[in-house]
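Given next are the chains, with one letter for each unit.
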Amino acid sequence: MKQRLSGSRLARYWTPFNSERVECTLCPRHCRPKNNRDGYCGVRGAVDGALHSFNYGKSLAATEEVIETEAINHYSPGARILSMGNIGCMMSCSFCQNWETSQIKHLDQQLVRDYSPQQVVDICLENRIEIISWTYNDPVVWHEFVVDTSRLAQENGLKTLYKSAFYIEEEPVNELIDCIDIFSLSLKSMNPVFYQKITKARLAPVLERIKQVHQSRRHLEISQLVIPELNDADEDIKATAEWVVKNIGSEVPLHFVAFHPAYKYTHVERTSIDTLLRARKVAKQMGIRYVYLGNTYRMDLNDTLCQSCGATLVRRYGLAAETVGLNEASRCTGCGEMSPITNPWGGRQGSTILGGHKDLQRSIRFLWNAEVQSAHVMRTDGNAGDDKLRIRRIGSHSVTEREMQHGLDRFIVSRQGSEDKGIVISWDSDKQYQFFPVLDRAHFPVSSENQERIIPIKRVGT
Ligand code: SF4
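Residues numbered from 1 in each chain as written. Predicted model: local features only at pLDDT ≥ 70, side-chain atom pairs only at ≥ 80, totals over all residues. Heavy atoms only, no water.

Student: Can you help me understand the overall build of the protein in this one?
Tutor: Across its full length, the protein holds nine helices and 27 strands. At 22 Å, the protein has a C-alpha radius of gyration in line with the 23 Å of a compact globule built from 462 residues. Considered along the principal axes of its C-alpha atoms, the protein spans approximately 70 × 55 × 45 Å. Within the protein, the proportion of its 462 residues that are buried is 59%. Pairs at least 24 apart in sequence give 69% of the contacts found in the protein among residues at least 6 apart. Each charge class in the protein was averaged separately, 57 positive and 55 negative side chains, and the resulting centres sit 2 Å apart. (Helix = DSSP H or I, 4+ residues; strand = E, 2+ residues; numbered from the N terminus. Rg over C-alpha atoms; globule rule 2.2 N^0.38 Å. Buried < 20%, exposed > 50% of the residue type's maximum accessible area, 1.4 Å probe, protein only. Contact = heavy atoms within 4.5 Å. Lys, Arg positive; Asp, Glu negative; His and termini not counted. Charge placed at Lys NZ, Arg CZ, Asp CG, Glu CD.)

Below, the structure is given as structure tokens:
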């Protein structure tokens, strides 16, 4: 039997199958585990004739990121989010970008923390974060905790975001539609054989569930990881764009996201910028209005332009976004045309801009490179109270200060422009901080081995 997480609680979405087995009805896989056996995802299984969830409240470290990490460009650009990632997955993609935590047989249990719904909401409130994002590993297999916490979050005035490959049944999606504000759904390919062979799932239910969310009129954006030799041909891109236009409309943003070699798919290079540009051209020719290219760090690639006068509404570089041409009613400040952006000024507060270049007593210095242009900064000696950090950008003369409030000890930093060459994080306390390289957006880095290999780090006073 595979490793199990400690603790369990009765799951929703199951029925008795026979005297020996129960049937899980949460995702289309419909596993029928025997007593003391688990379903395919490894986080739900049969206990005493009932289906139990083993991952309620079990999460990777709560991490502050920005909404752009989730392939959401048309809702509160630049908003800070609290990313919550579970463990286990109902799929098994050979190219998985988060395989160390999605495939439970590879899980290091030391990464797992326990949260209650109230604790997650409190972290947001104390750190003035307005959006909770269910992300990294697929939240489908975390359904009970996601729904309970999302309901509580909305009662407390927070918004909720769900990033998923969406291999899930219809009834639980209805429950999600009631408590999720923003959906970022991943459509991996339009080829049913791709789904069967590469993801170990089926395409048809994914398409039906995407249509279900679209019909609910919740905020929806679609992303597709573009993987060399798997789904990067013009025909693949055309098929995706054609389905989107026909079934959910040309106004839904479509993100083509660069892949990095991972898990069992390591014989190819990262997706090239030329491939992404070609994908964008094809999708635009097919009628998609807003096409974005993820995991790219270049000016003028991902801006949102006014469809009437062509003015720049939102300027983007990598994960950084700046609302430059919108008023509070979400209209173009140039011509007054309504934009597609919801809540254009939401969720930004958090850092204080400082003058001067002085670092604090202890520091870590890190230079961006071709592989790594964003990173998680993590307090590694336990989450012991509040702290203040100073963040200086090498080359751009920007210095900001941010507070780490109780409950939050991990946050993302990313390259903000071509003049931003690197970053110095400094602090005065005796706490310890460490960088974890983020290789893709929605990637939760767990390893420090790569860090030693690819990141030049200079520690001063630690
Ligand atoms: S959620 Fe897990 S246990 Fe349930 S059907 Fe899907 S893979 Fe199987």
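Don't stop here, the text continues.
Student: How do you make sense of the pairing of strand β7 (residues 63-66) when you look at a structure like this?
Tutor: Taken residue by residue, a regular strand's side chains alternate between the two faces of the sheet. Residues Thr-63 and Glu-65 point to one face of β7 and Glu-64 and Val-66 to the other, with burial holding for every one of them. Here β7 pairs with strand β8 (residues 80-85) via four bridges, running antiparallel. Bridge pairing in β8 places Glu-65 opposite Ile-81. (Pairing = 2+ DSSP bridges.)

Student: Help me understand the domain arrangement of the protein in this model?
Tutor: Quite often, the size of an interface is put as the accessible area lost when its parts meet. When its domains are assigned, the protein resolves into domain 1 (9-53), domain 2 (58-303) and domain 3 (351-460). The C-alpha-based centres of domain 2 and domain 3 are spaced at 25 Å. Listed by partner, the interface residues are 34 residues for domain 2 and 24 residues for domain 3. Summed over the three residues of domain 2 that lose the most area to domain 3, namely Glu-64, Arg-270 and Tyr-297, the buried surface amounts to 23% of that side. Taken together, the connections running from domain 2 to domain 3 amount to three salt bridges. Of the charged contacts, one joins Glu-371 and Arg-270 as a salt bridge, the two residues approaching to 3.8 Å between their closest N and O atoms. Across the domain 2-domain 3 interface, the total number found is seven residue pairs in polar contact (both at pLDDT 80 or more). It is β7 that contributes the most residues to the side of domain 2 that touches domain 3, four residues altogether. (Domains from an automatic or database assignment. Buried area = accessible area lost by both parts, 1.4 Å probe. Salt bridge = Lys/Arg side-chain N within 4 Å of Asp/Glu carboxyl O. Polar contact = N/O pair within 3.5 Å; in protein donor to acceptor, adjacent residues only side chain to side chain.)

Student: Would you mind going over the side chain of His-52 with me for this structure?
Tutor: Tracing the sequence through the fold places His-52 in strand β5 (residues 50-53). Since its relative accessible area comes to 15%, His-52 is described here as buried. Not counting chain neighbours up to four residues away, the residues in contact with His-52 comprise Ser-8, Arg-9, Leu-10, Ala-11, Val-43, Arg-44, Gly-45 and Val-47.

Student: Could you clarify how one ought to interpret the packing of aromatic side chains in this entry?
Tutor: The geometry of an aromatic ring pair is captured by two quantities: the separation of the ring centres and the angle between the planes. Counted by the stated rule, this structure contains 13 aromatic pairs. With a centroid separation of 6.0 Å and an interplanar angle of 70 degrees, the aromatic rings of Phe-166 and Phe-183 are classed as edge-to-face. With Phe-166 in the loop between β11 (159-164) and α4 (170-179) and Phe-183 in strand β12 (residues 182-186), this residue pair connects regions lying 17 residues apart in the sequence. Accessibility assignment for this pair places Phe-166 and Phe-183 in one class, buried. Plain terms: the ring middles of Phe-366 and Trp-368 are 4.9 Å apart, the flat faces sit at 85 degrees to each other, and that makes the pair edge-to-face. Judged by relative accessible area, which is 9%, Trp-368 ranks as buried. (Phe/Tyr/Trp six-rings, centres within 6.5 Å; stacked < 30°, edge-to-face > 60°.)

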